[in-house]
Amino acid sequence: MCGIVGAIARRNVSKILLEGLSRLEYRGYDSAGVAINNDEGVFGHRAVGKVQGLRDKFDAAPLDGTVGIAHTRWATHGKPTELNAHPHFSGNDLALVHNGIIENHEELRAGLKNQGYVFQSETDTEVIVHLIHSALQSGLGLLQAVQTSLNKLEGAFAIAVTQKDDKERFIAARKGSPLVVGVGIEENFVASDQLALLHVTDQFIFLEEGDVVEVTRDAVTVYDLNGQEQERPVSVFNHHVDATDKGEFRHYMMKEIYEQPSVISACLEGRISDKKVLTSCFGADSAFLKDVENVHIIACGTSYHAGLVAKYWIEDLAGIPCLVEVASEYRYRKVAVPKNTLFLTLSQSGETADTLAALRMAKELNYLTTLAICNVPSSTLVRESDLTLLTNAGAEIGVASTKAFTTQLTALLITSIAIAVENGLPADKEEALVQAMKELPAHVYAALKQDAHIKEVSDKFANKHHSLFLGRGVMFPIALEGALKLKEISYIHAEAYPAGELKHGPLALVDEHMPIITLVPHNDLLDKLKSNIQEVSARGGELFVFADRDTNLDNEEGITFTEVPKVPQILEPIVHTIPLQLLSYHVAVVKGTDVDQPRNLAKSVTVE
Ligand code: G6P
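Predicted model only: the values in this text are computed from it and were never measured. (Residues numbered from 1 in each chain as written. Predicted model: local features only at pLDDT ≥ 70, side-chain atom pairs only at ≥ 80, totals over all residues. Heavy atoms only, no water.)

1. Things to note about the nonpolar core
- Counting residues in hydrophobic clusters, the biggest one holds 87 residues, and the most contacted among them are Val295, Ile297, Trp313, Leu344, Phe469, Ile517 and Leu571.
- Among the elements that make up this core, the one with the highest residue count is helix H12 (residues 403-422) (10 residues).
- Counting residues domain by domain, this core receives three or more from each of domain 2 (242-448) and domain 3 (449-608).
- Residues within four places of Ile297 in sequence aside, it is in contact with Gly307, Ala310, Ile314, Cys322, Leu323, Val324, Glu325, Leu344 and Leu346. (Core = buried A, V, L, I, M, F, W, Y, C linked by side-chain atoms within 4.5 Å. Buried < 20%, exposed > 50% of the residue type's maximum accessible area, 1.4 Å probe, protein only. Helix = DSSP H or I, 4+ residues; strand = E, 2+ residues; numbered from the N terminus. Domains from an automatic or database assignment. Contact = heavy atoms within 4.5 Å.)

Given below as structure tokens:
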């Protein structure tokens, strides 16, 4: 949700900033801009659309300098226009980039207008740059002017600011939005995440809530919320592969779909033995497991769907109640917390604003403990939760989540079994489940083999505007996820229903123009699902069935059949996810949409 980069070096920083923006485009991509502070003053280029448009402007009119800040935007206040794009300027003195939302911007704007400031944009951000300018006019230095101004802001922000007369440093800060410092040799940087800076450094400082940082070529000085200087540790980035490389694939999404067998292996590694779940994966203090009597799972988007699957596993295997809720609802209601309830958040990024707010609220309630299942070790969610289980999926760049989802499910299965063991799951059952999990990467690999067939099937969606996904039991959340994937990247309206609800409304939509994607599990609901398929067939609906061959649905008339490997029941939701990811990918390619960066969306939603 907006990405920011800042750099100070002895070399020209404009290329570093542009490369950083390209790496951050997953956070927002409706406009972008760079400001360079050089001998002429503070100047910038801004462009609507992708970072490439900004690169073109730099090619046409180069701007060089050794200090600069940059931004890629996901619009919140004001349309994606050049005037609303960041950086925002106060005269020719000061430039600022911002990620987040300033809630009291209207009141601040009125005060600044009274002082004579003229606003160029509709953004909440522009108030910050004028506030700092106004503080500078009162005689403060840049650092103090930023600190004073930030105290007046309500809301969430990460900012970077550069001043014309101060070419030896820039200032950055975070409160409620992510920001890391990249430490180089005679050059230093800031960015919304590490990925943006991997081309220049692998050493990072994670700022804490309320930190303000003064960045010079040779030093990084961090001040906390109270203005006290603080030492923050430097950590080294340890991903083996630079995930921002697409390799042989045309899109990140496809690369990430194909990575699933290996990242699921990485997620299982060290977490299961031949017979058991290794509870040490929850950290030194896994004693909480024996006390869990209830589970509350809170998440957003795709992560929420993973939580819905876990509800079936937890209630079935452990026999204890599990509530699953989207964070944006949970955080605004009074929640009844039964005794000994585990609060579990799910998040790929660990920076989703609603999920973080839910965690902070939960910490004030009477939960047993807080556990985050998350993909980003350095994220705010991980740092603020009592316990963490990392999904180890590696960086996910495609906005539509794929490998993060299946690794979340893998981590959730580990967690469900661990809780179930404490609630009487027999050892032989645990061993059977663990043995099944060991085969999971191979089953996912087998599911990927349907890629070519699914590509052919996707042609049938080229002219569709609507679609219906059906599932039953634990496959219903997978139907929800399949529908979300399709709508996110192909813009085809997709709805998911529990198949048993078909007759209570959606059947009215069924005719020969309506594709109906049906997920058929091989369990005791199989016959019931076959009846649902008949209901659709009888009304002429166009059926796309995903099932294993033993269901005997492959030769049914009027059905487009896609084979899913036959796997132990517990793994079905994970394995059935793969063909739906491939379907939405190929349909999006057929429709010619922007697969990795679908319109209006962002990978990491760090604003409310
Ligand atoms: C955004 C992304 C989704 C993601 C959701 C939650 O909407 O586009 O793909 O599922 O945020 O993100 P999180 O990082 O918390 O899993």
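2. Quick look at helix H16 (residues 475-490)
- For H16, built from 16 residues, the straight-helix expectation of 22 Å at 1.5 Å per residue is met to within 8% by its first-to-last C-alpha distance of 22 Å.
- The element H16 is largely enclosed, with a buried count of 14 among its 16 residues.
- One or two steps after H16, the chain reaches Tyr491, where phi turns positive at roughly 65°. (Expected span 1.5 Å × (residues − 1).)

3. Section: empty space enclosed by the protein
- If you walk through the whole model with that rule in mind, you get 2 cavities of 30 Å³ or more.
- If you go around the largest cavity, you meet 14 residues; those closest to its centre are Cys2, Trp74, Thr76, His86 and Gly100.
- With 3 residues, the single largest contributor to the lining of the largest cavity is strand E6 (residues 94-102).
- Here the lining of the largest cavity is composed, by residue class, of 4 nonpolar, 8 polar and 2 charged.
- Taken as a whole, the second largest cavity holds about 50 Å³ of empty space.
- For the second largest cavity, the full set of lining residues is Ser401, Phe405, Ile478, Glu481, Gly482, Lys485, Thr577, Leu580 and Gln581.
- Elements represented by at least two residues in the lining of the second largest cavity include exactly H16 and helix H18 (572-591).
- Top element by residues in the lining of the second largest cavity is H16. It accounts for 4 residues.
- Partitioning the lining of the second largest cavity into residue classes produces 3 nonpolar, 4 polar and 2 charged. (1 Å grid on protein atoms, 1.4 Å probe; cavity = no way out; pocket = protein on both sides within 12 Å on 5 of 7 lines; lining within 4 Å. Points joined across faces, edges and corners; volume = space filled by probe spheres on them. Nonpolar A, V, L, I, M, F, W, Y, C, P; charged D, E, K, R; others polar.)

4. Re the sheet that holds strand E21 (residues 466-471)
- Strands sit in the order E22-E21-E23-E24-E25 across an open sheet of 5 strands; the sheet is parallel. Lying at the two open borders of the sheet, with one neighbouring strand each, are strand E22 (493-498) and strand E25 (559-563). Taking each pair of neighbouring strands and ignoring which way they run, the sheet shows an average axis angle of 20°.
- Two elements, E21 and strand E23 (residues 515-519), share 3 bridges in a ladder whose sense is parallel. Of the residues in E23, the one forming a bridge with Phe469 is Ile517.
- The strands touched by helix H15 (residues 451-458) within the sheet are strand E24 (542-547) and E25, with E25 carrying the most contacts at an inclination of about 155°. (Pairing = 2+ DSSP bridges. Axes fitted to C-alpha atoms, helices over the stretch in contact; angles between N-to-C directions.)

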